[in-house]
Amino acid sequence: MFTHLKSQEGYLFRIAVAELAAKQHNDDKALLIAQLAKMDYLQRSSKVDLRTFEDWYKSSLEEADRVDFAEIKAALTFLYAVNLRLNYQQDVLSLYFLNKAIEYSNRLKEGNSTQKGLLLSGVTRIFYQFDDFANAVRYGKEVEKYNINQVEKFLTLDIVGVSYLKLKNYDSAQIYVDKSLRMFHQDFAKEDDKKVWYGILMGNKAHILKGLGNLTSAIQHYRIGIEETSKHNLLDNTCRFAIGLADLYLAQNNITEASKLISLAKQATYSQGNESDHLQLHQLLSNYYKEVGNMSLVVFHKDSTQYWTEILEKRRGKNVQIQADLKLETERRRNAEMTLDENIRQQEINRIITIVIILLVTGIAFVWILRQRLVMKVKEKELKIQQQEAEKQVLIEQEKAKREQLLAQLKLEEFTNIIVAKNKQIEMLEAENDRGKNDTSIRQLQSNSLLTEEQWISFKLLFEQVHIGYLTRLKEKIPGISPAEIRFMALAKLKLDSKEMASSLGVSPNAVRNVWFRLRKKIDLSEDATWNDFADTI
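Description of the structure in this document. Computed from a predicted structure; not experimentally measured.

1. Looking at a nonpolar patch on the surface
Item 1. On the surface, Ile349, Ile352, Ile353, Val356, Ile357, Leu360 and Val361 cluster together into a nonpolar patch covering about 650 Å² of accessible area.
Item 2. Leucine 360 sits in the exposed class, given a relative accessible area of 65%.

Structure (structure tokens):
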């Protein structure tokens with residue numbers, strides 16, 4: 001009823017109906033199938049984050065084991081493997097789980113041939129994408145044994161033929177391309193949306209005939225392949241066939257016919273060609289311009305050939321590395337599984353031994369436990385009392401420390417306020433002195449230092465209570481700091497300005513500036529740094 005709903009919402013609605021039906025009938029297997037379809041669709045239409053996808057796979061596999069549904073494990077693992085490559089670029093893990101899917105499939109009895117055939121068809125495609133043509137051939141040939149839809153079988157046979165072509169096994173490649181051609185004429189030739197397959201097959205057949213040395217027939221097949229693929233705008237195939245035919249003409253020294261194909265080959269390659277197509281194009285152009293005597297373009301295309309060769313070498317190197325990493329990953333996981341199995345067996349043995357021992361000592365232990373409970377209750381009460389006393393003592397000590405710190409804070413604030421008030425008083429007297437008054441009072445007030453040697457000791461005790469460890473950290477940061485500089489830095493921590501520092505220490509503002517100048521040189525501070533700025537960094 002809902003197959004016309006092609007939107008994401010429509011498809012997910014149909015899956016929701018399937019899930020609801022499965023739950024209504026308590027059919028755990030049907031529920032797993034619906035959830036597999038849902039995850040497959042979500043990964044095609046968007047992209048689930050990797051952690052969620054991994055959790056889904058693990059839980060689904062566990063559920064399949066719980067409900068004894070071995071048939072779905074291969075499908076779950078294949079979906080996981082494919083998306084590890086396509087959506088998450090986890091190539092090594094993708095290949096590992098691809099082989100795991102094959103392993104799950106091989107464990108099944110020969111019952112559902114369609115399911116296994118579809119799995120092997122998908123496996124063939126993924127191995128081909130990894131440039132693992134040998135495995136693509138191996139599993140693609142297996143697909144012929146199974147009863148799957150004709151489109152899937154046709155596409156798989158085509159991959160087998162192309163894989164043989166990549167391996168330069170031209171005889172076997174010709175067998176499978178011819179099989180594909182027969183299937184095309186029998187099943188798809190009248191379907192408009194599949195007619196382009198004819199051009200692809202004819203072009204691939206041309207490559208094979210060229211490899212076998214049947215050049216006349218290769219030319220005819222190339223022309224059909226070029227015409228059909230360019231007509232349907234499949235330029236990734238057109239460029240390969242145009243390059244192959246132009247190269248063949250060059251080998252025959254037919255420069256005129258080769259020239260006609262150069263433009264098409266360049267246009268199609270630049271539009272849709274892959275790395276290999278670009279390499280073959282520049283090799284062709286280098287040979288072509290060498291024949292027509294344009295050496296500057298020969299050099300240019302040789303450079304481009306070298307560039308694309310290096311690109312392909314990196315790709316081949318990556319594939320080699322993936323295979324090496326796959327072996328390590330497989331060995332690591334196999335060892336982990338063996339270790340896990342061994343641990344499980346050992347745990348079973350240990351469990352049996354433990355049960356026997358427990359049964360032997362239960363009688364004695366029961367009496368001993370009763371006695372120990374009585375002892376423990378007494379000890380618990382004693383411990384609880386001790387703990388309560390200790391907690392009370394800790395609270396008393398904490399309260400005392402808080403009061404002492406608060407008192408020190410108040411005294412330090414009082415000291416700071418006295419300094420600020422004294423500085424304001426000096427400023428007021430200086431202002432009056434401008435009018436000829438209070439010169440004697442100013443000198444007396446300026447000479448009244450609040451931080452004498454005796455006062456410094458008391459002040460330092462208060463300061464350390466409020467700013468714990470500040471003076472120690474100051475000495476660690478500036479190993480060569482002088483006692484006078486330490487005093488200035490302590491006052492700077494109290495946010496006093498230069499005048500207030502001078503007032504509190506009974507020195508002139510110039511003396512404060514000189515101390516700051518020397519200190520800044522010691523620690524290499526910028527010119528615009530202030531006492532307070534630096535004090536806040538300690």
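2. Description of the packing of aromatic side chains
Item 1. Counted under the stated rule, the structure contains 20 aromatic pairs.
Item 2. Centroid distance tyrosine 11 to tyrosine 41: 4.3 Å. Interplanar angle 25°. Geometry classified as stacked. Here tyrosine 41 lies in helix α2 (residues 28-45) and tyrosine 11 lies in helix α1 (residues 8-24), a separation of 30 residues in the sequence.
Item 3. On the accessibility criterion, tyrosine 11 (26% relative accessible area) is partly exposed.
Item 4. By way of ring pairs, the aromatic residues Phe53, Trp56, Tyr57, Tyr80, Tyr88, Tyr96 and Phe97 are connected into one cluster.
Item 5. Positioned above the aromatic ring of phenylalanine 130 is the side chain of arginine 85, whose terminal nitrogen or guanidinium carbon lies 4.1 Å from the ring centre.

3. Focus: the side chain of threonine 124
Item 1. Tracing the backbone through its elements, the reader meets threonine 124 in helix α6 (residues 113-129).
Item 2. Here threonine 124 falls in the buried class, since its relative accessible area comes to 0%.
Item 3. A distance of 3.1 Å separates a polar side-chain atom of threonine 124 from the backbone nitrogen of glycine 140.
Item 4. Apart from the residues within four sequence positions on either side, threonine 124 is in contact with Ala136, Tyr139, Gly140, Val143, Thr156 and Ile159.

4. Describing the environment of leucine 491
Item 1. Mapped onto the fold, leucine 491 is located in helix α19 (residues 483-493).
Item 2. Taking relative accessible area as the criterion, leucine 491 reaches 0% and is therefore assigned buried.
Item 3. Sequence separation between leucine 491 and tryptophan 531 is 40 residues, and the spatial gap between their C-alpha atoms is 9.1 Å.

5. Structural notes on the packing of helix α13 (residues 255-272) against helix α14 (residues 275-292)
Item 1. It is at 11 Å that the axes of α13 and α14 come closest, and there the two elements cross at 150°. By the angle class used here, α13 and α14 are roughly antiparallel. Crossing geometry of α13 relative to α14 is assigned as left-handed. Taking contact as the criterion, the partners of Ile255, Ser259, Ile262, Ala265, Lys266, Thr269 and Tyr270 in α13 are, on α14, Asp277, His278, Leu281, His282, Leu284, Leu285, Tyr288, Tyr289, Glu291 and Val292.
Item 2. Looking at side-chain class alone, the contact of α13 with α14 contains 10 nonpolar, 4 polar and 3 charged residues.

6. Considerations on helix α7 (residues 133-143)
Item 1. Inspection of α7 places Phe133, Asn135, Ala136, Val137, Tyr139, Gly140 and Val143 among the buried residues, and these make up the whole buried set.
Item 2. Buried positions along α7 lie against α5 (91-107), α6 and α8 (150-166).

7. Focus: unusual backbone geometry
Item 1. With a phi close to 55°, aspartate 68 is a non-glycine residue in the positive phi region.
Item 2. If you trace the backbone, aspartate 68 turns up in the loop between α3 (50-66) and α4 (73-86).
Item 3. For aspartate 68, a relative accessible area of 60% puts it in the exposed group.
Item 4. The backbone phi angle of glutamine 89 is positive, close to 55°, even though this residue is not glycine.

8. Looking at the environment of aspartate 277
Item 1. Within the secondary structure layout, aspartate 277 lies in helix α14.
Item 2. A C-alpha to C-alpha distance of 8.3 Å links aspartate 277 and isoleucine 243, two positions 34 residues apart in sequence.
Item 3. If sequence neighbours within four positions are ignored, aspartate 277 has contacts with Asp236, Cys239, Arg240, Ile243 and Thr269.
Item 4. Within the structure, the side chain of aspartate 277 is placed 3.1 Å from the side chain of arginine 240, a separation counted as a polar contact.

9. Description of the pattern of salt bridges
Item 1. Counted according to the given criterion, the structure contains 20 salt bridges.
Item 2. Lysine 145 is paired through a salt bridge with glutamate 142; the nearest N and O atoms lie 3.0 Å apart.
Item 3. With a closest N to O distance of 2.9 Å, lysine 522 and glutamate 485 form a salt bridge. Linking lysine 522 in helix α21 (residues 509-523) with glutamate 485 in helix α19, this pair joins segments that are 37 residues apart in sequence.
Item 4. In this structure lysine 522 comes out as partly exposed when scored by relative accessible area, which is 44%.

Basis of the calculations
Within each chain, residues carry numbers counting from 1 in the order of the written sequence. Selection of residues for local features in this predicted model requires a pLDDT of at least 70, selection of side-chain atom pairs for listing and counting requires 80 or more, and totals for whole chains, interfaces and linings are taken over all residues. Water and hydrogen atoms play no part in the side-chain values, which are based on all heavy atoms of the structure. A patch is a set of surface residues, each over 30% in relative accessible area and not in a salt bridge, joined within 9 Å for like charges and within 5 Å for the nonpolar side chains Val, Leu, Ile, Met, Phe, Trp and Tyr. The Shrake-Rupley method, run with a 1.4 Å probe sphere, supplies the accessible areas, and residue values consider only the shown protein chains as cover. A pairing counts as a salt bridge when a side-chain nitrogen of Lys or Arg comes within 4 Å of a carboxyl oxygen of Asp or Glu. Only protein chains enter the calculation, and the probe is 1.4 Å; a residue is then buried if its accessible area is under 20% of its type maximum, exposed if over 50%, and partly exposed in between. Here is the rule: rings of Phe, Tyr and Trp (six-membered ring for Trp) pair when centre to centre is within 6.5 Å. Planes less than 30 degrees apart are stacked, more than 60 are edge-to-face, and the remainder are tilted. The numbering of helices and of strands both runs from the N terminus, where a helix is a DSSP run of H or I of at least 4 residues and a strand a run of E of at least 2. Here, a charge over a ring means that NZ of Lys or CZ of Arg falls within 6 Å of the ring centre while also lying within 35 degrees of the ring normal. Residues adjacent in sequence count toward polar contacts only when both atoms are side-chain atoms; beyond that, a polar contact is any pair of N or O atoms within 3.5 Å, and within protein one must be able to donate a hydrogen and the other to accept it. Residue contacts follow a heavy-atom distance rule, with two residues in contact if any of their heavy atoms lie within 4.5 Å. Here an angle of 0 to 180 degrees is reported between the N-to-C directions of two axes, which are lines fitted to C-alpha atoms, with helices fitted over the stretch in contact. The labels follow the angle: roughly parallel below 35 degrees, roughly antiparallel above 145, roughly perpendicular from 65 to 115, and oblique for the rest. Crossing handedness is read from the near helix: turned anticlockwise from the far helix by less than a right angle, it gives a left-handed crossing, and turned clockwise, a right-handed one. Side-chain classes follow a simple rule in which Ala, Val, Leu, Ile, Met, Phe, Trp, Tyr, Cys and Pro form the nonpolar group, Asp, Glu, Lys and Arg form the charged group, and the remainder, Gly included, forms the polar group.

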